[in-house]
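# Structural description and commentary
The primary structure of each chain is shown beneath.
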Amino acid sequence: MDLIRSFWRKHRKKILVTTTCLGSGYLLYKLYNAHTRSLADLERELADERHNDEIIKTQMKAHFENIQMIADVTTLPHALRRLSSRIAEEIHVSSVMETLSKGKGTLVPSEKLHLWNELKILSFTRMVLSLWSVTMLSLYIRVQVNVLGRHLYIDTARGLTTSHLLEELDLIDREEEKKFLTSADYLATNGMPSLISDMKRAVKEVLKGKQLKDVLTTRSLEETVIRILDVFMSKGSPHHWVDYLMMAQDTTMSPRDTTTTSVPSSDDATVSKLHQLINETREVLTSTEFTNVAEISLKSCTLALGEEMEKQTGLAAGMQLAKLLPQIEKIVPEISAVPDENRFLQLIRDLPEVQLFFTLLYSNMPL
């Protein structure tokens with residue numbers, strides 16, 4: 001014992017320092033080990049989040065591409081068939097041409113001149129109206145499907161977990177979706193009479209100084225069409241043309257008055273959702289960005305129309321207006337052809353400004 005005490009007295013300070021160092025070292029080791037485990041756990045969580053983000057991005061990209069395909073393959077062809085049929089029913093160009101053909105040698109000069117002037121107005125009305133309708137309807141339908149995609153994006157981003165895939169989420173009622181998409185037929189069913197009347201008024205204003213013997217070239221035809229579109233779009237209140245495409249804002253369906261009951265019905269919820277989709281679509285159509293895209297699309301289609309007329313008729317060398325009118329009738333069906341065979345629709349779809357607009361419309365939304 002004396003030996004131990006003597007050793008303790010001589011080396012107590014060293015022993016205490018050594019013990020303290022060993023204890024501190026062990027404590028630091030435990031703290032470091034815990035910190036390392038915490039960092040590893042955090043890295044795993046971040047990796048999982050990045051993985052989940054990649055899954056969402058991949059699925060949303062696939063969904064975006066899918067809804068663009070829906071517009072081209074399903075919704076647009078149906079709407080175009082209705083539109084083309086309605087335009088042909090309402091603008092009777094063929095009957096005027098038939099009267100002129102059958103009246104050769106029997107019509108007095110004044111009657112003949114009147115019919116030719118009527119043919120001039122109707123032919124240009126049908127051509128420009130078809131060009132405007134097909135362009136705007138294709139853009140409108142793409143807005144519709146992207147608005148639907150926006151809702152799916154928002155709901156998915158808010159509630160998606162690793163155990164849910166997009167196809168497992170039933171976010172929009174099918175009946176509601178059907179009602180919303182079939183509203184694309186509004187132009188062909190309800191909007192057509194006023195559209196024809198207003199377009200014909202613009203055509204008359206622009207063509208009032210053009211005689212049947214006047215010679216038109218590709219450039220002058222393009223300028224004439226652009227002038228008609230400018231006059232048509234500038235008449236009336238700003239964005240008045242939206243009312244041709246969809247029901248006027250003050251008459252759109254609104255949620256039922258639920259003040260008499262404390263619990264809204266499922267029908268009220270459906271109407272409210274549909275009302276929201278329609279209002280969002282109108283907001284897009286009346287935006288400056290959409291107006292710019294529409295103007296670019298219309299101008300591009302007008303130039304394509306001039307190129308097509310030049311290719312088919314030799315318009316570059318010039319052609320009398322009277323001889324051009326029958327050629328106009330031949331090209332009108334090409335303007336409203338099905339998407340796979342429609343040069344104008346393919347042109348619109350491939351415009352960089354259009355692609356950028358719909359990419360931003362789909363992806364850039366508040367959560």
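The structure under discussion appears in the preceding block.
Bear in mind the structure is a predicted one, so any value in this text is a computation, not a measurement.

Criteria and cut-off values
- Residues numbered from 1 in each chain as written.
- Predicted model: local features only at pLDDT ≥ 70, side-chain atom pairs only at ≥ 80, totals over all residues.
- Heavy atoms only, no water.
- Helix = DSSP H or I, 4+ residues; strand = E, 2+ residues; numbered from the N terminus.
- Buried < 20%, exposed > 50% of the residue type's maximum accessible area, 1.4 Å probe, protein only.
- Contact = heavy atoms within 4.5 Å.
- Salt bridge = Lys/Arg side-chain N within 4 Å of Asp/Glu carboxyl O.
- Axes fitted to C-alpha atoms, helices over the stretch in contact; angles between N-to-C directions.
- Parallel < 35°, antiparallel > 145°, perpendicular 65-115°, else oblique.
- Left-handed = near helix turned anticlockwise from the far one by under 90°.
- Nonpolar A, V, L, I, M, F, W, Y, C, P; charged D, E, K, R; others polar.
- Core = buried A, V, L, I, M, F, W, Y, C linked by side-chain atoms within 4.5 Å.
- Phe/Tyr/Trp six-rings, centres within 6.5 Å; stacked < 30°, edge-to-face > 60°.

Each helix and strand in the chain was counted, giving 12 helices and two strands. Along the chain, helices and strands appear, N-terminal first, in the series α-α-α-α-α-β-α-α-α-α-β-α-α-α. Every one of the 367 residues in the chain was classed for burial, and the buried ones make up 41%. Considering only contacts in the chain between residues 6 or more positions apart, those separated by 24 or more positions represent 82%.

Turning our attention to the pattern of salt bridges. Across all of its chains, the model carries 11 salt bridges by this definition. With a shortest N-O distance of 3.5 Å, D185 and R82 are connected by a salt bridge. A residue pair is termed long-range when its members are at least 10 positions apart, and D185 in the loop between α4 (174–182) and α5 (186–207) and R82 in helix α1 (residues 2–90) qualify at 103 residues. Take D185: its relative accessible area is 11%, and that puts it in the buried class. By relative accessible area, R82 is classed as partly exposed at 35%. A salt bridge links E223 to R219, with the shortest nitrogen-to-oxygen separation between them at 3.1 Å.

Let us look at the packing of helix α9 (residues 288–313) against helix α11 (residues 343–350). The packing of two helices is summarised by the inter-axis angle and the distance between the axes. Contact geometry of α9 with α11 gives a least axis separation of 10 Å together with a crossing angle of 140°. Taken together, α9 and α11 sit at an angle that is classed as oblique. Regarding α9 and α11, the two cross each other, and that crossing is right-handed. Contacts between α9 and α11 involve S297, S300, C301, A304, L305, E307 and E308 from the first element and R343, F344, L347 and I348 from the second. Broken down by class, the residue content of the contact of α9 with α11 amounts to six nonpolar, two polar and three charged.

Counting residues in hydrophobic clusters, the biggest one holds 85 residues, and the most contacted among them are F124, M127, W132, V143, L221, F290 and L305. For this core, the element with the highest residue contribution is helix α3 (residues 109–159), accounting for 20 residues.

The next subject is the side chain of E329. With respect to the secondary-structure elements, E329 resides in helix α10 (residues 321–335). Assessed through its relative accessible area of 13%, E329 is described here as buried. When sequence neighbours within four positions are dropped, the list of residues in contact with E329 reads V93, M97, S123 and R126.

Tallied over the full model, the rule gives six aromatic pairs. For the ring pair W241 and F290, a centre distance of 6.2 Å and an interplane angle of 25° mean the geometry is stacked. One end of the pair, W241, is in the loop between α6 (218–234) and α7 (242–245); the other, F290, is in helix α9, with 49 residues separating them in the sequence. Of the two residues, W241 and F290, both sit in the buried class. Here the aromatic residues W241, F290, F357 and F358 are joined through ring pairs into a cluster of three or more.

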